[in-house]
Amino acid sequence: MSTSALIESTVALLRQARDKHGDRLIYPCALGSEGMVQIDLICKQVPGIRMMTLDTGRLPQATYELMQEVREHYGIDLEIMFPDQDEVEAMVRKHGVNLFYHSVENRKLCCGIRKVHPLKRALTGMEAWITGRRRDQAENRAVVQPVENDPVFGLMKYNPMLDWTESDIWTYIREHDVPYNRLHDEHYVSIGCECCTRAITAGEDPRAGRWWWESEDTLAECGLHVSSLHAGEGESGEGI
Ligand code: SF4
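Now for a description of the structure that goes with this document. Not measured: the values here are computed from a predicted model.

**Observations concerning the sheet that holds strand β1 (residues 25–28)**
Taken in spatial order, the six strands line up as β3-β2-β1-β4-β6-β5 in an open sheet, and their pairing is mixed. Only two strands of the sheet have a single partner each, and these edge strands are β3 (79–81) and β5 (147–150). Averaged over neighbouring strand pairs, the angle between their axes works out to 30° when direction is ignored. The pairing of β5 with strand β6 (residues 155–158) spans four bridges and is antiparallel. Looking across to β6, one finds that Asp 150 is bridged to Leu 155. Sheet contacts for helix α1 (residues 3–21): β1, β4 (128–130), β5 and β6; angle to β6, the most-contacted strand, approximately 160°.

**A word on the site of the ligand**
As a matter of local geometry, the ligand sits amid Phe 100, Arg 107, Cys 110, Cys 111, Arg 114, Lys 115, Cys 193, Cys 195, Cys 196 and Trp 211. Here the shell around the ligand is composed, by residue class, of seven nonpolar, no polar and three charged.

**What to know about the pairing of β1**
Remark: a regular strand shows side chains that alternate across the two faces of the sheet. Residues Leu 25 and Tyr 27 point to one face of β1 and Ile 26 and Pro 28 to the other, with burial holding for every one of them. Note that β1 and β4 share two bridges and pair parallel. In the strand pairing of β4, Leu 25 is matched with Ala 128. Pairing between β1 and strand β2 (residues 50–54): three bridges, direction parallel. Opposite Tyr 27, over in β2, you have Met 51 as the bridge partner. Between β1 and its parallel partner β2, the chain crosses via helix α2 (residues 33–45), and the hand of that crossover is right-handed.

Calculation criteria
- Residues numbered from 1 in each chain as written.
- Predicted model: local features only at pLDDT ≥ 70, side-chain atom pairs only at ≥ 80, totals over all residues.
- Heavy atoms only, no water.
- Pairing = 2+ DSSP bridges.
- Helix = DSSP H or I, 4+ residues; strand = E, 2+ residues; numbered from the N terminus.
- Axes fitted to C-alpha atoms, helices over the stretch in contact; angles between N-to-C directions.
- Contact = heavy atoms within 4.5 Å.
- Near = heavy atom within 4 Å.
- Nonpolar A, V, L, I, M, F, W, Y, C, P; charged D, E, K, R; others polar.
- Buried < 20%, exposed > 50% of the residue type's maximum accessible area, 1.4 Å probe, protein only.
- Right-handed = clockwise from strand over helix to strand, strands pointing away.

Written out as C-alpha cells, the structure is:
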C-alpha cells in the first residue's frame, strides 16, 4: 500500500473512532516510532482525541526528552499516568528495585504495577481505546482486525496502524519531520523501561531488545494485547 493510502485509511479509522466515542476514546501511547506517526496524524488531521502515556519511573532519559518535545512541538497537554506509589513501595520493599531480573513472575509483577494498573485507571470510564499495533510486529498479530472487541478491558479497540511496515513508519517520520526517540538512532527498536531495553544487532528480532534475559516462549506476545488473558493476569504492558 502506498504511504498516502496508509495515511488515508488510518485517518479514516481515527475519525470514525472519534466521531463515535468522543471524549470516551483515548489513545495510550508509548511514544514508539509508530506511536509518533499516529500522534502526528491525530494532531494534524483528527484533533480532539485524548492522548496519554505512562511514566513507569524507570524510563530512559531520551523518552522523557521526547515527552517534553511532544508537548512543545504539537502544543498539546500529553496526559501522563504514574504507578500507584503505595504499590511500588510495597513491591520494592519485598522484592528489591531490580526484581524483574530474578524471575518472570517478578517481571510481570513489576509490569503489572508500573504499567497495567495505571493503564487500567486511564481506561476506566472509556468506551474505546486506540493502539499502535502493526501486523508485522509479531506472528499472531496477523489475525488482528482494525476494530475489535477487547475482552481484557471490556472496550472497543481500534488498531489504525495495522498495515504500516517499519519502512512506511520511517518514511513518514522523515518526510514530515516527526519527533522521535533518539535511541532509535542507536539501534534500539522497541523502547520501554531503561533497565529492560537494549539495542539490537543486525539480523536480531526487534523484540530481542526487550527482557532479553528471558526465554523466547515467555516473550511471544505482550499481555495487554492477548485477548484471552484475564485482566490483571500475566500482563506485561509492553503494547502501549
Ligand atoms: S519493563 Fe521492566 S522496569 Fe518496566 S515495568 Fe516492566 S519489568 Fe518493570
